[in-house]
Amino acid sequence: MARRLLLAAAALPIAFATAVAQANNPAAPASSRADYALTNVRIVVSPGKVIERGTVLTRDGRIAAVGANVNIPAGVVKMDLAGHTVYAGLIDAATSIGLPSPTRALPAAADAGAAAAAGRGGRGAAGGGRGVPVAGRGGPPAPPVILPEVDANAEAADQFSPTEDQLKAFRAGGVTTVGLVFDGGIFPGRVGAALTAARSSGPLTLKSDAGQEVAFGTKRGGVYPATGIGVIAYIRQAFLDAQYESRLDKAFKAGTPGGRPVNDPFRRALMPAATNEMSSWFVASTERQITRVGEISKEMGLKSPIVVGSQEGWRVISALKTSGATAVVSLQWPSADSITGRNFLAVGSGKTGVAPAASAADIAEVHANAAALTKAGIPVALASFGGESGLTFRDRIRATIEAGMSSDDALKAATVTPAAVLGITAAVGTIEVGKLANFVVVSGNDLFAATNPIKHVFIEGRLY
Amino acid sequence: MRSFIRLCALAAAISAPVVLAAQDLAIKNATIITITRGDISNGTIVVRNGKITAVGGADVAIPAGVKTIDGTGKFVMPGIIDAHSHAALENGINEGSESVTPEVQVQLRNDDPVIYRALAGGVTAALLLHGSANTIGGQARIIKMRWGQPADSMYFKGAFRIVKFALGENVTQASSTTPVDEKRFPMSRMGVEFTVRYWFQKAKEYDQEWNEYRAAVKTSPNTIMPRRDLRLEALCDILHGDLKVHSHSYRADEILMLIRVAEENGFKVHTFQHVLEGYKVADEIAKHGAMASTFADMWGYKVEAWDATSYNMALMSQRGIVVSVNSDSDERIRRLYQEAGVGVRYGNMPVNEALKMVTLNPAKQIGVDKMVGSLEPGKDGDIAIFSAHPFAPDAMVEYTIIDGKVYFDRNQASTLRKIAGDSKGPGGTR
């Protein structure tokens, strides 16, 4: 500890210089870590819980003290933040930025072995395949497989490799933590969580097994499942296979005659999700996709699925409620002209031939998605999922608030709820002692007001 | 907050179907084609809560307050049913990567404008089938054309579960330019027959495994439940009669082949689709107990469609087969009543026997003839109102009614031409 303090002290002048530079130049490089005392600052501890004037003290990257009256030890960097408000750093519940695409083509040579490893979705003895419909009889060679679409063992946290600019953009948008969700595929891997600190600060990963991702995409060409309708059957079969593996596993451990697990890596990877030991994160944007998540969850006995995207969630609130889902709502709103149901307006109205162009009210309605879901009692976590930059996250939350979400609900949906759904509540989401020192500091008293610029961002006690 | 409520109201407006509110409706002074009980001139029909309560002459009382359509000069018939369509589907029509995929089910695109176009042709229900790329393809969706409703509100409750089979050139990929060594099995008619036999053998073994488990678990509760295989489960459902086979077919030889393989393996071909050479083997089809759904006058577009004839409908009907005429097309779906008329011109089918081919007979083929297909008390209020007899060249659909709700009203639909130009419907091989 002494050595750490010493290091912190040594870093002090640099840190201070950087803080000054940061104020003038938002693109300033990351500082080394120091211990800070943010004084005379308005503290939003958690949504609805505010200390009007107090101090936040950090030590070794964590929150050491919070309160109206905090003793400030010697050697910490004092920052007088009168006229400012400090919030817990925002959590973007789902992004694919910095992750490889599950539809990337792998070298053909790797296909055969890797495809076997991935179990080809575990059709196993039922066979099928492109060749003779007799399992294991060979047949013509399969065309190149775009493999990562089915790689349930892949970990997004492990593969997270953002550029410094991408991380910087997140921080400029107030985001200090991100949920990592692959974009595309069928079982592209496991959802993770990471910090948006500079890469020079060390490993960014917070969690590697936040959930098992399931998506309705396929670009596998001639390989089963080659279509969206095939993918649905494939997903159902994969969950059944994992549940079967779990039965065998239990029977084997219990010494039941005849029970021995298959030990297929794909099935084993899905076992926790298939038995509700891990949550399933379904990527579903449209009305019909979300309904489908409900149907699959019900059939497979999946409790509380996470629905990532949920852009048309307001159209299927009952389906979301019935399945006990948490909505990870993307703030990449669909065009109001393209949502399900526009065609219903196009015909039979007697007024127009094609759906009328979206009005301001139509657009506001799409923006009000998160508000409508919150009002219906569905847990909502906000996300930039589908977007190309974290830079606009705070602006999009502002638009959500303007569309009817309360400021406190929005803050909850960008801090507490995403922390819970990602399983990182112990580390992030509020300004409480012991959690990581992840903060956003704005001038004024409202994080989401356009007129209040973000002054500072702290991640794990480092000032950016 | 007020603005939020307004937004919710707008949301409801987008979701809400463009239909009249009540499910009560009456039509009077019309010629009623009941299909099962002859025609009634100057007739009256009453629908309450979505069900037909009375069909008769001018003396039938219309309860006070029930919205009434004056049918003077108009013809009223049961809503038309399309027994073979790929309209309004999404995410693929063929899971063609493998030749046996009964675990797959097609997905409804509930806001496809083709549904509205079909309504404009008096269609109230349709069998939406998987494509014909596979020997044993995917499961179907059967819908009522409840335009404006969420997808799961359009499914026809009580209908059969149906799976698509296919034979001949589509399955063997005869017209594909793919090199032979990259083609999918089966590549020949021999291979198609083997594929059906092989998979039903597997299904029977699977069925046996589960039967043994069910017997064993009664005495040994620790018996491990076997692996569930959705593909083999679906095949077992066919063996048990819970999943009905609708098989794409053209030539007489392949029809006979499937009948033989089905009878040897203990399942039934419920309906032959297309069945263009059905007239050659009508007695064999009738003996097997299968029905037939065919085209009125489509032929010659590939080798196996060479021997087709418009007399097919009449000839098969005369041999006791329940025959329907289908669209298999997003365009013909809106004029199926004209397709049925071909049976009158070619084969002298009685007019109402011909109309059965787009009403009661397809209803039997999708398992809903107790609910729809004719105008009788107790059946669903699914009705098409024409400006003239449906076989008259200038007849147009004026109203299409489902469960007593008006889903299409020509007076309000001034825009069909624009809509037709706006959507080509879903893509993919049919």
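Above this note sits the structure.
Residues numbered from 1 in each chain as written. Chains lettered and ligands numbered in written order. Predicted model: local features only at pLDDT ≥ 70, side-chain atom pairs only at ≥ 80, totals over all residues. Heavy atoms only, no water.

Student: What exactly am I supposed to notice about the overall build of chain B here?
Tutor: If you tally the helices and strands in chain B, you get 13 helices and 19 strands. In chain B, which comprises 430 residues, the proportion classed as buried is 60%. For chain B, long-range pairs separated by at least 24 residues make up 69% of all intrachain contacts whose partners lie at least 6 apart in sequence. Surface exposure of chain B reaches about 16,200 Å², of which carbon and sulfur atoms provide 51%. (Helix = DSSP H or I, 4+ residues; strand = E, 2+ residues; numbered from the N terminus. Buried < 20%, exposed > 50% of the residue type's maximum accessible area, 1.4 Å probe, protein only. Contact = heavy atoms within 4.5 Å. Areas by Shrake-Rupley, 256 points an atom, 1.4 Å probe, with all protein chains shown as cover.)

Student: Quick question: what am I supposed to make of the packing of aromatic side chains here?
Tutor: Two descriptors summarise a pair of aromatic rings, namely the distance from one centre to the other and the angle between the planes of the rings. In this structure the tally under the stated criterion is 20 aromatic pairs over all chains. Note on A:Phe187 and A:Phe239: the rings are 6.0 Å apart at their centroids and 70° apart in plane angle, and the pair reads as edge-to-face. Remark: A:Phe239 occurs in helix H5 (residues 228-254) and A:Phe187 occurs in the loop between strand S7 (175-180) and strand S8 (189-195); sequence separation between them is 52 residues. Note on accessibility: A:Phe187 and A:Phe239 belong to one class, buried. Seen in terms of ring centroids, A:Phe187 and A:Phe266 are 5.6 Å apart; in terms of plane orientation they differ by 75°. Their pairing is edge-to-face. Note that A:Phe187 is positioned in the loop between S7 and S8 and A:Phe266 in helix H6 (residues 265-274), a separation of 79 residues in sequence. A:Phe266 carries the same exposure label as A:Phe187, and that label is buried. Ring pairs connect the aromatic residues A:Phe187, A:Tyr224, A:Tyr234, A:Phe239, A:Phe266 and A:Phe282, which therefore count as one cluster. We note A:Arg171 situated over the ring of A:Tyr464; from NZ or CZ to the ring centre the distance is 4.2 Å. Positioned above the aromatic ring of B:Phe156 is the side chain of B:Lys144, whose terminal nitrogen or guanidinium carbon lies 4.9 Å from the ring centre. (Phe/Tyr/Trp six-rings, centres within 6.5 Å; stacked < 30°, edge-to-face > 60°. Lys NZ or Arg CZ within 6 Å of the ring centre and 35° of its normal.)

Student: I keep staring at unusual backbone geometry and nothing clicks. Help me out?
Tutor: Note on backbone geometry: most residues besides glycine have negative phi, and most peptide bonds are trans. Cis geometry is adopted by the peptide bond preceding A:Pro225, which originates at A:Tyr224 and carries an omega value of -10°. For A:Pro225, the position within the fold is in the loop between strand S9 (205-215) and H5. Cis peptide bonds are those with omega within 30 degrees of zero, and the linkage from B:Phe185 to B:Pro186 qualifies with 0°. Following the sequence through the fold, B:Pro186 ends up in the loop between helix H4 (169-172) and helix H5 (189-219). In this structure, B:Asn49 takes a positive phi of about 50° despite not being glycine.

Student: Is there a simple way to think about the packing of H5(B) against helix H7 (residues 252-265) of chain B in this case?
Tutor: Geometrically, a packed helix pair is captured by the angle between its two axes and the distance between the axes. All names here are of chain B. It is the contact of H5 with H7, at a shortest axis distance of 11 Å, that shows an interaxial angle of 20°. Comparing the axis directions of H5 and H7 gives the class roughly parallel. Here H5 and H7 pass one another in a crossing that is right-handed. Here Arg189, Val192, Glu193, Val196, Arg197, Phe200 and Lys204 of H5 lie close against H7, whose contacting residues are Asp253, Glu254, Met257, Leu258, Arg260, Val261, Glu264 and Asn265. (Axes fitted to C-alpha atoms, helices over the stretch in contact; angles between N-to-C directions. Parallel < 35°, antiparallel > 145°, perpendicular 65-115°, else oblique. Left-handed = near helix turned anticlockwise from the far one by under 90°.)

Student: Please clarify how the nonpolar core should be interpreted in this entry.
Tutor: For soluble globular proteins, the rule of thumb is that nonpolar side chains tend to be buried together. Grouped together as the largest cluster of nonpolar side chains are 196 residues, with contacts concentrated most on A:Phe187, A:Phe239 and B:Met145. Ranked by the residues each element gives to this core, the list is headed by H5(A), at 10 residues. Excluding residues within four positions of it along the chain, A:Phe239 makes contact with A:Phe187, A:Val214, A:Ala273, A:Ala274, A:Ser280, A:Phe282, A:Met300 and A:Leu302. (Core = buried A, V, L, I, M, F, W, Y, C linked by side-chain atoms within 4.5 Å.)

Student: Please clarify how the pairing of strand S17 (residues 383-386) of chain B should be interpreted in this entry.
Tutor: Regular strands show a simple pattern: their side chains alternate between the two faces of the sheet. All names here are of chain B. Here S17 shows a buried face lined by Ile383 and Ile385 and a second buried face lined by Ala384 and Phe386. When strand S5 (residues 75-78) meets S17, the two strands line up antiparallel, connected through four bridges. Residue pairing across strands places Phe75 opposite Phe386, the latter belonging to S17. As paired elements, S17 and strand S18 (residues 397-402) share four bridges and run antiparallel to each other. Paired with Phe386 across the two strands is Val397, which belongs to S18. (Pairing = 2+ DSSP bridges.)

Student: Got a minute to help me understand a nonpolar patch on the surface in this structure?
Tutor: Together, B:Tyr311, B:Leu315 and B:Tyr346 line one region of the surface with nonpolar side chains, adding up to about 250 Å² of accessible area. Here B:Tyr346 shows up in the loop between helix H10 (336-345) and helix H11 (351-356). (Patch = residues over 30% accessible without salt bridge, like charges linked within 9 Å, V, L, I, M, F, W, Y side chains within 5 Å. Salt bridge = Lys/Arg side-chain N within 4 Å of Asp/Glu carboxyl O.)

Student: Would you mind going over the sheet that holds strand S12 (residues 161-166) of chain B with me for this structure?
Tutor: Across a sheet, paired strands are connected by hydrogen bonds in the backbone, their directions being either parallel or antiparallel. Residues and elements named next belong to chain B. If you walk across this open sheet you meet the six strands as S10-S12-S13-S14-S15-S16, and the pairing is mixed. Of all strands in the sheet, those with a lone pairing partner are strand S10 (136-139) and strand S16 (323-325), marking the two edges. With strand direction ignored, the average angle separating the axes of adjacent strands in the sheet is 25°. Relative to S12, S10 runs antiparallel, the two sharing two bridges. Across the sheet, the residue bridging to Ile136 is Phe165, located in S12. Sitting on the sheet, helix H6 (residues 230-239) is in contact with S10, S12 and strand S13 (243-249), with an inclination near 95° to S13.

Student: How should the environment of B:Val66 be read in this particular structure?
Tutor: Residue and element names in this part refer to chain B. Among the secondary structure elements, Val66 is positioned in the loop between strand S3 (51-56) and strand S4 (68-70). For the pair Val66 and Asp24, spaced 42 residues apart in the sequence, the C-alpha separation amounts to 6.0 Å. With residues near it in sequence (within four places) discarded, Val66 still touches Asp24, Leu25, Ala26 and Arg48.

Student: Just to check I follow, could you spell out the pairing of S7(A) for this structure?
Tutor: Residues and elements named next belong to chain A. Counting buried residues in S7 gives six out of six residues, a clear majority hidden from the surface. Relative to S8, S7 runs antiparallel, the two being bridged by four bridges. Paired with Gly179 across the strands is Ala193, a residue of S8.

Student: For this particular structure, what's the right way to read the sheet that holds strand S11 (residues 141-144) of chain B?
Tutor: Residue and element names in this part refer to chain B. The strand order S6-S9-S11 describes an open sheet built from three strands, whose pairing is mixed. Edge strands, defined here as strands with exactly one partner in the open sheet, are strand S6 (80-85) and S11. Taken over all neighbouring pairs, the strand axes of this sheet differ in orientation by 15° on average, direction set aside. Direction of pairing for strand S9 (residues 123-128) relative to S11: antiparallel, over a ladder of four bridges. Its bridge partner lying in S11, Ala125 is registered against Lys144.

Everything listed here is a matter of geometry and, on its own, says nothing about what the molecule does.
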